[in-house]
Amino acid sequence: MLNLLVQSSINGISIGTLYGLVAVGLSLIFGVMKVLNVAYGEFVVLGGYISFWLLTFFHIDPFLSIPLVAILLFIVGSILYKTILANVSSMQEDLRLKNSLLITFGLSLMTPQIFTAVWTADVRSITPAYSGTSLAIFDYRIGFIPLLSIITCLIIVFALQLFLNKTYFGKSVVATSQSWKGARIVGINVDRTYLITFGIGLAIAGIAGVMIGLIQSLTPVVGMHWTLKALIVVVLAGMGNLWGALIAGIILGIAEAVGVIYMGQYASVIGLVFFLLILMFRPQGLFGKS
Amino acid sequence: MLEIKNIDVYHGDIQAIWDLEVTVQDGEIVALVGANGAGKTTIVETIAGLLKPAEGSIIWDSVCINKLPANKLVDFGISLVPEDKSLFADMSVLENLEMGAFRSASRKQKEKSLEYVYELFPVLKDRAHQRVGTLSGGEQQMVCMGRSLMSKPNLMLLDEPSLGLSPLMVKIIYQALKQANKLGMSILLVEQNVRLALETSNRAYIIENGRCINCGNSSTLLDDEHIKEAYLGKI
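The structure presented is a predicted model; accordingly, all values stated were derived computationally and were not measured.

Engineer: Now, about the confidence of the model for chain A: what can you tell me, with residues and values included?
Structural biologist: Mean pLDDT over chain A stands at 93; residues scoring 70 or higher make up 99%. Per-element confidence in chain A ranges from a low mean pLDDT of 86 for helix α11 (residues 269–281) of chain A to a high of 97 for helix α2 (residues 40–58) of chain A.

Next up, the structure:
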């Protein structure tokens, strides 16, 4: 039994870091722009599909395709910002939230249709040659891909943290998240900061999508599932804490993986129960400031 | 020199400023005084580029600046100290001050500017690593002025710097303001404390309902009957 618990926890960590990474991107966009992107999961799926194509048609290894996927999603993010979100981002904060919810909800209804047209409704997985291999650690096994995925997630969050704290542009992103008026006063181009933040947010979604395509599977309608997971993790962690989001993701991942042993298909309820309990008793989240 | 020529400013459909003319000469302290809702904040936010005038122009050293975005005006040496302070609450005092020198021109002189700000407000040096959100209102006002000074402005737009502060704090803030002015910085001061504003400034504009109803030397305005009656309380 203990073996089963530990093995499930290992699996939970690999999926949990992905929950965390998706949440990091979503909370970056919300934290800086005060825009809630409920179509976020669709871009996770898009990243996965792009990597699937790159492997199928150009034989590019999925992990090597990550930079390319990130750049493409960054460009998609920049275009979307310029076309549909720039106007929303210049509104007062309460209006931004309401309007962005409506706009991105519309986007999340539209994109699955586009995905179906381009990639059909078939279940797709990214399956490189090494997809079945695993490593043994003591008595337990961890797949080669989940291990690489965990490492990639950690590197991305670490790099993002470094970018935000150590570079001038990163600091301007942090400053804008705390006071966009103050940011404008000191000479920060807030509009450009929003554009780049939205682009980075979607790039992170795309990167997560590649690994989700490797570990799980992609369908045109699975995006909303990932948006919900990201929202649960953001509520669990509290806003504005990257490592907190990653840890909260891992907690959720382990809880679900272990929950499957006892609850079978109802394990995904665990996340929603967490969601309710946190909102009731600690609305600022586990790692957020009160 | 700042010249505001016949500007009209709207908040949505509502006109807040009507045909306003204001000038600030180099090295001058000019006050905008008036009651709540007169439009004083609208005027400074328009100069700072946060609002755009529908009519008229704003000229700074012969350059028309009213079409420029707010973030570009820092490069022209114009800096706003807003009424709501708009500080970066989760950053430390030092980080907030450093953000003031964000533009590359002022970044080069960051250390020197920082020394100057600490000289004006020694308490900020002691609190350099404290989170700004945990400071008192007066200390936050110092950080806000300090952040503005870090950009080495030629014109500082100060919006209600004495609002909600203790008399001692007001004294410290105004001393710093006068000291910065002595070094050549022009100041456009918005103040509800009319006596304080007129005693500090060289010239003043009296704003009522978005229009300038009177202007002139501050010492003359202090003796003006209408001003005494409306703002200073006739004894």
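Engineer: Please set out the interface of chain B and chain A residue by residue, giving values where relevant.
Structural biologist: Every contact between the two is made by 22 residues of chain B and, on the other side, 17 residues of chain A. Both sides together, the interface formed by chain B and chain A hides about 1,800 Å², and carbon and sulfur atoms give 61% of it. Looking only at chain B, the three residues that lose the most surface to chain A are N71, F88 and F102 of chain B, adding up to 28% of its buried area. For the pair chain B and chain A, the number of links is two salt bridges. Where K181 of chain A meets D84 of chain B, a salt bridge forms, and the shortest distance between an N and an O atom there is 3.2 Å.

Engineer: Before we move on, could you go through the layout of surface pockets and cite the residues and values that matter?
Structural biologist: Roughly 1,300 Å³ of internal volume is contained in the largest pocket. Along the wall of the largest pocket there are 43 residues; nearest its centre are S177, M239, G240 and N241 of chain A together with D90 of chain B. Elements supplying a minimum of two residues to the lining of the largest pocket: α1 (2–33), α5 (144–166), α6 (168–178), α9 (223–237), α10 (242–263) and α11 of chain A together with α3 (93–100) of chain B.

Engineer: Summarise the side chain of E45 of chain B; cite the residues concerned and give the values.
Structural biologist: Among the structural elements, E45 of chain B can be located in helix α1 (residues 40–47). The buried category is assigned to E45 of chain B, whose relative accessible area is 16%. Other than its neighbours up to four places away in sequence, E45 of chain B contacts K181 of chain A together with L50 and L51 of chain B.

Engineer: Tell me about the nonpolar core, and please be specific about residues and values.
Structural biologist: Judged by nonpolar contacts, the single largest core of 86 residues is most densely connected at L21, Y40 and F43 of chain A. Counting residues per element, this core draws most heavily on helix α8 (residues 190–215) of chain A, which supplies 15 residues. Ranked by size, the runner-up nonpolar core spans 36 residues in total, among them L97, M150, M156 and V170 of chain B.

Engineer: Explain empty space enclosed by the protein to me, and be specific about the residues and the numbers.
Structural biologist: This structure, assessed with the given rule, holds two cavities of 30 Å³ or more. In this structure, the largest cavity occupies an estimated 60 Å³ of space. If you go around the largest cavity, the residues you meet are R184 and I185 of chain A together with A48, L50, A70, L73, V74, I78, S79 and L80 of chain B. Elements represented by at least two residues in the lining of the largest cavity include exactly α7 (180–185) of chain A together with α2 (70–73) and β6 (78–81) of chain B. Here the element with the most residues in the lining of the largest cavity is β6 of chain B; it accounts for three residues. Tallied by class, residues from the lining of the largest cavity come to eight nonpolar, one polar and one charged. Looking at the lining of the second largest cavity, the elements that each hand over two or more residues are β6 and α7 (137–149) of chain B. For the lining of the second largest cavity, the per-class residue count stands at four nonpolar, four polar and one charged.

Engineer: Summarise a nonpolar patch on the surface; cite the residues concerned and give the values.
Structural biologist: Residues and elements named next belong to chain A. A cluster of nonpolar residues, M1, L4, Y262, M263, Y266, V269, V273, L276, L277, M280 and F281, forms a patch on the protein surface that exposes about 1,200 Å² of accessible area. For the nonpolar patch, the secondary structure elements donating two or more residues are α10 and α11. Top element by residues in the nonpolar patch is α11. It accounts for six residues. Take V273: it is sitting in helix α11. Taking relative accessible area as the criterion, V273 reaches 40% and is therefore assigned partly exposed.

Engineer: So, the packing of α1 of chain A against α8 of chain A: which residues are in play, and what are the values?
Structural biologist: Residue and element names in this part refer to chain A. Interhelical geometry of α1 versus α8 gives an angle of 165° and a closest axis separation of 9 Å. Viewed along their axes, α1 and α8 adopt a mutual orientation that is roughly antiparallel. The two elements α1 and α8 cross, and the hand of that crossing is left-handed. For the pair α1 and α8, contact is made by I15, L18, L21, V22, V24, G25, L28, I29, V32 and M33 and by Y194, T197, F198, I200, G201, L202, I204, I207, A208, M211, I212 and I215, respectively. The class makeup of the residues in the contact of α1 with α8 is 19 nonpolar, three polar and no charged.

Engineer: Quick rundown of the sheet that holds strand β2 (residues 14–24) of chain B? Include the residues and the values.
Structural biologist: All names here are of chain B. One open sheet holds the four strands; their spatial order is β2-β1-β4-β5, and the pairing between them is antiparallel. Looking at the sheet topology across the chains shown, the edges are occupied by β2 and β5 (63–64). Pairing of strand β4 (residues 55–60) with β5 involves two bridges; the strand directions are antiparallel. Residue pairing across strands places W60 opposite V63, the latter belonging to β5. In this fold α1 packs onto β1 (2–11), β2 and β4, with an angle of close to 115° to the strand it touches most, β1.

Engineer: If you had to explain the environment of Y130 of chain A to someone new, which residues and values would you point to?
Structural biologist: All names here are of chain A. With respect to the element layout, Y130 can be found in the loop between α4 (93–119) and β1 (134–137). In the structure, Y130 is positioned 17 residues away from L147 in sequence and 12 Å away in space, judged by C-alpha atoms. Ignoring anything within four residues of it in the chain, the contact list for Y130 reads D61, P62, F63, F144 and I145.

Engineer: With reference to specific residues and values, describe helix α5 (residues 110–120) of chain B.
Structural biologist: Restricting attention to buried positions, one finds in α5 of chain B the residues K110, S113, L114, V117, Y118 and L120 of chain B. The buried residues of α5 of chain B all sit within an arc of 160° when viewed along its axis, so they share a single face. Opposite the buried face of α5 of chain B, by more than 90 degrees, sit the exposed residues E111, K112, E115 and E119 of chain B. Elements that come into contact with the buried residues of α5 of chain B comprise α6 of chain A together with α3, α4 (104–107), α6 (122–126), α7 and α8 (167–182) of chain B.

Engineer: Quick rundown of the state of the cysteines? Include the residues and the values.
Structural biologist: All names here are of chain B. Across all of its chains, the model carries zero disulfides over all chains by this definition. Not engaged in a disulfide, the cysteine C212 finds its nearest cysteine sulfur in C215; these two sulfurs lie 4.8 Å apart. C212 sits in the partly exposed class, given a relative accessible area of 30%. Taking relative accessible area as the criterion, C215 reaches 43% and is therefore assigned partly exposed.

Engineer: Let's hear about the side chain of T176 of chain A: which residues, and what values?
Structural biologist: Position of T176 of chain A relative to the elements: it lies in helix α6. If we skip the residues at most four places from it in the chain, T176 of chain A touches V32, A183, I188, V190, T193 and Y194 of chain A.

Engineer: Break down the sheet that holds strand β10 (residues 211–217) of chain B for me, with residues and values.
Structural biologist: All names here are of chain B. Within the open sheet, the six strands sit side by side as β6-β7-β8-β3-β9-β10. Their pairing is mixed. Of all strands in the sheet, those bounded by a partner on one side alone are β6 and β10. Between one strand and the next, the sheet's axes are offset by a mean angle of 15°, whatever the strand orientation. Here β6 pairs with strand β7 (residues 155–159) via four bridges, running parallel. Within β7, the residue paired with L80 across the bridge is L157. Together, β3 (29–33), β6, β7, β8 (186–191) and β9 (203–208) form the strand contacts of α1, whose direction differs from that of β8 by roughly 150°.

The rules behind these values
- Residues numbered from 1 in each chain as written.
- Chains lettered and ligands numbered in written order.
- Predicted model: local features only at pLDDT ≥ 70, side-chain atom pairs only at ≥ 80, totals over all residues.
- Heavy atoms only, no water.
- pLDDT = per-residue confidence, 0-100.
- Helix = DSSP H or I, 4+ residues; strand = E, 2+ residues; numbered from the N terminus.
- Contact = heavy atoms within 4.5 Å.
- Buried area = accessible area lost by both parts, 1.4 Å probe.
- Salt bridge = Lys/Arg side-chain N within 4 Å of Asp/Glu carboxyl O.
- 1 Å grid on protein atoms, 1.4 Å probe; cavity = no way out; pocket = protein on both sides within 12 Å on 5 of 7 lines; lining within 4 Å.
- Points joined across faces, edges and corners; volume = space filled by probe spheres on them.
- Buried < 20%, exposed > 50% of the residue type's maximum accessible area, 1.4 Å probe, protein only.
- Core = buried A, V, L, I, M, F, W, Y, C linked by side-chain atoms within 4.5 Å.
- Nonpolar A, V, L, I, M, F, W, Y, C, P; charged D, E, K, R; others polar.
- Patch = residues over 30% accessible without salt bridge, like charges linked within 9 Å, V, L, I, M, F, W, Y side chains within 5 Å.
- Areas by Shrake-Rupley, 256 points an atom, 1.4 Å probe, with all protein chains shown as cover.
- Axes fitted to C-alpha atoms, helices over the stretch in contact; angles between N-to-C directions.
- Parallel < 35°, antiparallel > 145°, perpendicular 65-115°, else oblique.
- Left-handed = near helix turned anticlockwise from the far one by under 90°.
- Pairing = 2+ DSSP bridges.
- Arc of directions from axis to C-beta.
- Disulfide = S-S within 2.5 Å.

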